[in-house]
Each structure stands twice: as structure tokens, then as C-alpha cells.
Amino acid sequence: MTNEEPLFVLKYRWWRVLWRLFFPWIFILYVSFRVVFHLSPNYIGFKFWACELVAIIALIGGGWAVIDMLCCKEILLYKNCIVKRWHIFGERKVDFNTAMLDGVSSRHFPYPVSIKKFRKTDTYFLLGLIKGCFYNELLANAKDVKEMNRLLAKVTGREVAEFEKGSINNELPRSRAERGIKNLLLKQD
């Protein structure tokens, strides 16, 4: 998509992907498949349809997570954008000047997670998983993730702590000058 050299390339580690496939996605997919296709129709009512709905959502979401983990080739960081490349889907690019950063992090057992998602500001939250660029930090090397966060902070003009903290939901500033103008306006109020 771009001719310049990336500032950083983040790749998943195969053994971490294998562990994530085993626990919990295979279990979630198995249970939701059993509920969707083998639940007895004798229990028709609210509980039946609620179980069916939750199982279908888990089956679709779990299926997409497994496909994404297996097909992700690399995440490339450039000065003005982030690009995710898959083995079979091609690549997805999100420019920082129109990007919103969402993130969730939880280091609790049984399923620690740390996901960052870049999406366009006009994209609905859940469609960001398809139209945006997201990655699971726990599938990559910890040193690589620290370097990626440091470079993201440098490129976007933010603090490193903002990328390392647990929950994020902010619009990225379009430029350092715009960030300075926003800070100036906030000080005047």
C-alpha cells in the first residue's frame, strides 16, 4: 500500500497462537456449535431463543477470532498509518489522521487479553473488527509490544502510558499542531 519502509513490524508467535486456539476458542466453538445445532426443540421459548442467540454470536465471533489469528501475517507501523496483513485476505490500512483507538486489557486468569483496535472515526464499534486493524498484544513478543507502543506514542504525539493502560477509547489527534490547539482551548475554558 505504501512504498516507504515501515517503522516497525509486529508478528505473532506461533506457539502463542496455538495456545490461544486450544484455550479457550476451541472450547467456545465446540459448545456454541453444540447449542446451535443440537439443542432440543422441545424447549421452545425465551430460554431456547436466548441460548440460540448467544451461541450464534459466540460461533460467529469465535470463528472470526480463530480465522484472524491463523491468517495474520504481520502488523506494520508507518509514520502516518498502521497496516495489518493477512496471508489470504490481503491488507487493511487505517490512517492515523482519521483513526480512533479502542483497546481492552485484562491480565486475569483464566483468559488474559490485551487487544488494540484502530478504526476510522465514522466506523461503528463492532464493525471496527472487520473494517479496522486490530491485534492481540499477548500473541506477540513482549519486547516487540513495548517497542510498538513506544513508536505509536512517538508517531501520534501521545504518552506511552496511554497505549499501555488497560482500557482505551479515544480519537487520535490528527497532528501535533492540532493536539496543541486542543490543549490550548481546554486551558482557556
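Structural notes, computed from the coordinates. (Residues numbered from 1 in each chain as written. Predicted model: local features only at pLDDT ≥ 70, side-chain atom pairs only at ≥ 80, totals over all residues. Heavy atoms only, no water.)

## Describing the pattern of salt bridges
A complete count under the given rule lists seven salt bridges for this structure. Between R13 and D144 there is a salt bridge whose closest N-O contact spans 3.0 Å. Here D144 lies in helix 4 (residues 142-156) and R13 lies in the loop between strand 1 (8-10) and helix 1 (14-38), a separation of 131 residues in the sequence. Through salt bridges with shared partners, one network takes in K11, E74, R85 and E91. (Salt bridge = Lys/Arg side-chain N within 4 Å of Asp/Glu carboxyl O. Helix = DSSP H or I, 4+ residues; strand = E, 2+ residues; numbered from the N terminus.)

## Thoughts on the packing of helix 1 against helix 2 (residues 46-71)
At a closest axis distance of 8 Å, the pairing of helix 1 and helix 2 adopts a crossing angle of 150 degrees. With respect to helix 2, the axis of helix 1 lies roughly antiparallel. Where helix 1 crosses over helix 2, the two elements pack in a sense that is left-handed. Residue-level contacts link V17, R20, L21, W25, I28, L29, S32, F33, V35, V36 and F37 of helix 1 to C51, E52, A55, I56, A58, L59, G62, G63, A65, V66, M69 and L70 of helix 2. Its residues assigned to classes, the contact of helix 1 with helix 2 shows 18 nonpolar, three polar and two charged. (Axes fitted to C-alpha atoms, helices over the stretch in contact; angles between N-to-C directions. Parallel < 35°, antiparallel > 145°, perpendicular 65-115°, else oblique. Left-handed = near helix turned anticlockwise from the far one by under 90°. Contact = heavy atoms within 4.5 Å. Nonpolar A, V, L, I, M, F, W, Y, C, P; charged D, E, K, R; others polar.)

## Some points on the sheet that holds strand 4 (residues 91-95)
Ordered by their spatial adjacency, four strands build an open sheet running 1-2-3-4, and the pairing between neighbours is antiparallel. The sheet is open, and its two borders are formed by strand 1 and strand 4, each paired with just one other strand. Neighbour-to-neighbour, the strand axes of the sheet open up by a mean angle of 15 degrees, direction not taken into account. In this sheet, strand 2 (residues 72-77) lies alongside strand 1 in antiparallel orientation, the contact comprising three bridges. (Pairing = 2+ DSSP bridges.)

## A short note on the environment of C81
Relative to the elements of secondary structure, C81 occurs in strand 3 (residues 81-86). Along the primary structure C81 and T98 are separated by 17 residues, whereas in three dimensions their C-alpha atoms are 9.5 Å apart. Setting aside chain neighbours within four positions, we find C81 in contact with L76, K93, V94, D95 and F96.

## What about the pairing of strand 4?
Here five bridges tie strand 3 to strand 4, and the two strands are oriented antiparallel to one another. Note that in strand 4 the partner of I82 across the bridge is V94. Where strand 3 hands over to strand 4, the hairpin turn is made up of four residues, of which G90 adopts a positive phi near 90 degrees.

## A look at helix 1
If you check helix 1, its first and last C-alpha atoms are 33 Å apart, about what 25 residues at 1.5 Å a residue would give, namely 36 Å. Along helix 1, the helix axis deviates most sharply at W25, where the bend reaches about 40 degrees. Listed in full, the buried residues belonging to helix 1 are V17, R20, L21, P24, W25, L29, S32 and V36. If you follow the buried residues of helix 1, they end up packed against helix 2. (Expected span 1.5 Å × (residues − 1). Bend = angle between axes of the 7 residues up to and from the residue. Buried < 20%, exposed > 50% of the residue type's maximum accessible area, 1.4 Å probe, protein only.)

## With respect to the nonpolar core
Within the largest apolar cluster, 31 residues are counted, with the highest numbers of intra-cluster contacts made by L10, I75, I82, F118, Y135, M148 and L152. Those elements that place two or more of their residues in this core are strand 1, helix 1, helix 2, strand 2, strand 3, strand 5 (99-106), strand 7 (133-136) and helix 4. (Core = buried A, V, L, I, M, F, W, Y, C linked by side-chain atoms within 4.5 Å.)

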